[in-house]
Every structure is written in structure tokens, then in C-alpha cells.
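As a plain string of letters, each chain reads:
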Amino acid sequence: MRLVITADTHVPKRARDLPAPLWAAVDAADVVVHAGDWVDESLLDLLEARAGRLVGVYGNNDGPALRARLPEIARVELDGLRMAVVHETGQKTRREERCAARFPDVDVLVFGHSHIPWDTVAPGGLRLLNPGSPTDRRSQPYATYLTARVVDGRLDDVELHRLPPR
């Protein structure tokens, strides 16, 4: 199962659209995961139309219309892999310990908010992933998103993709 993981797209405030390489990855994926800060419902509509399956949550920049359509926390099982998605996890200090306590029943936690790519493992084995942002790199050298595969109930082939400058 092929995954695309993104967050903090901020369309249309930070970009008019998602970058073409991310759309190509969406079209090739089985599941698209979005960890919030969509900003406008039109991107949600487009991803729902193009993604084989969409798992998304709202972020702090998402208004009432998006909050009415998306949960704060999403939990899914993908071919045996237990995943949770949330926008904010708090400060980076002790993030792994806090998230392992908050999400003891999942294998992977996808989060956003910081626009900083993150890939760590908490005590007990919870893997934490943040794809960065494909449209608003802030202090990061590149705009980014992640791809991965689910194989036999485990996450495999996690790759951070750097996008060309706009």
C-alpha cells in the first residue's frame, strides 16, 4: 500500500495550488494522509476527488467549515498498521514521551504544525512523522512531503521528498 503524507498546505494563502510533484504522488498513492492546516475547503474537495483514500484532520488555521468535515484526531488501520493523525503535538522537547503516552495504541503518529520534517521513534516503538510543508518551508531549506509503504502491517520505505523552489 502506497502512502503520501502531507500537512500545512495552507492553500490558497501560501500557494495557489499544491506543487505538481505532490499531485503526481497523490495520483499514484493508495492513501493520502493530511495532518491539517488546509485553510480552504477547495483543497479538501480536490484531494477527496483525486485520492484513492483520504485520511485528514483539521489544524489550527482551519475554520468552521473544515472543522465540520474533519476530525481533530483520525485513527485508521492500514493493512494492519495502526496510525493516528493529529495536527499539533506541542513543543519538540519530550515530544516522543508525550505522544507515546497519548497514543499508546498506535504504531505511527503523523502530525504537522511546525512545518519541520520529523522522523523519530518513541520509547515503546511509536514512530512519529511530520512531513514538513509542501508550500511554506519557513526556516527549512526545502518545502517537503513524505511517501511510504505499508507492508505486512509495518511502515516501510519512508522517504522525505524535497520540492524545487517556486
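Parameters at a glance
- Along each chain, numbering runs from 1 in the same order as the chain's sequence is written.
- Whole-chain, interface and lining totals are the exception, using all residues; otherwise, since this is a predicted model, local features are given only for residues with pLDDT of at least 70 and side-chain atom pairs are given and counted only at 80 or more.
- The basis for the side-chain values is all heavy atoms of the structure; hydrogens and waters are excluded.
- Helix numbers and strand numbers start at the N terminus; a helix is a DSSP run of H or I with at least 4 residues, a strand a run of E with at least 2.
- Each residue is placed in one exposure class: buried if its accessible area under a 1.4 Å probe, protein chains only, is under 20% of its type's maximum, exposed if it is over 50%, and partly exposed if it falls in between.
- In short, DSSP must find at least two bridges between two strands for them to pair.
- Seen with the strands pointing away from the viewer, any crossover whose path from the first strand over the helix to the second strand runs clockwise is right-handed.
- By construction, the arc corresponds to the directions joining the helix axis to the C-beta atoms.
- The contact rule is simple, with two residues in contact once any of their heavy atoms fall within 4.5 Å.
- Whenever a helix is involved, its axis is fitted only over the stretch in contact; in every case the axis is a line through C-alpha atoms, and angles between N-to-C directions fall within 0 to 180 degrees.
- Oblique is the label for any angle not covered by the other classes, which are roughly parallel (under 35 degrees), roughly antiparallel (over 145) and roughly perpendicular (65 to 115).
- Following the grouping adopted for this structure description, the nonpolar residues are Ala, Val, Leu, Ile, Met, Phe, Trp, Tyr, Cys and Pro, the charged ones are Asp, Glu, Lys and Arg, and the polar ones are all others, Gly among them.

Re unusual backbone geometry
Here comes step 1: In this chain, Val11 is followed by Pro12 through a cis amide linkage whose omega measures 10 degrees.
Here comes step 2: For Pro12, the location among the structural elements is in the loop between strand 1 (2-6) and helix 1 (20-28).
Here comes step 3: Notably, Asp79 is not glycine yet its phi reads approximately 50 degrees, a positive angle.
Here comes step 4: Residue position: Asp79 is located in the loop between strand 4 (73-78) and strand 5 (81-86).
Here comes step 5: Accessibility expressed as a relative area gives 51% for Asp79, which makes it exposed.
Here comes step 6: Phi angles above zero are rare outside glycine, and His113 is one such case at about 80 degrees.
Here comes step 7: Here His113 lies in the loop between strand 6 (108-110) and strand 7 (118-121).

Structural notes on the pairing of strand 2 (residues 31-34)
Here comes step 1: Side chains Val31 and Val33 of strand 2 all project onto a buried face; the interleaved residues Val32 and His34 project onto the opposite face, where all are buried too.
Here comes step 2: As paired strands, strand 1 and strand 2 are joined by 4 bridges and run parallel to one another. Bridged to Ile5 within strand 2 is Val33.
Here comes step 3: Viewed along the sheet, the connection from strand 1 through helix 1 into strand 2 turns out right-handed.

Some words on helix 1
Here comes step 1: Among the residues of helix 1, Leu22, Trp23, Ala25 and Val26 are the ones counted as buried. The buried residues of helix 1 occupy one face: seen down the axis, they fall within an arc of 160 degrees.
Here comes step 2: Turning to helix 1, the residues buried within the fold contact strand 1, strand 2, helix 2 (41-50) and strand 9 (143-151).

Digging into the packing of helix 1 against helix 2
Here comes step 1: Direction vectors running N to C along helix 1 and helix 2 enclose 40 degrees, while the axes themselves pass 9 Å from each other. Taken as axis vectors, helix 1 and helix 2 run oblique relative to one another. Touching Trp23, Val26 and Asp27 of helix 1 are Leu43, Leu46, Leu47 and Arg50, all from helix 2.
Here comes step 2: Along the lines of polarity and charge, the residues of the contact of helix 1 with helix 2 split into 5 nonpolar, no polar and 2 charged.

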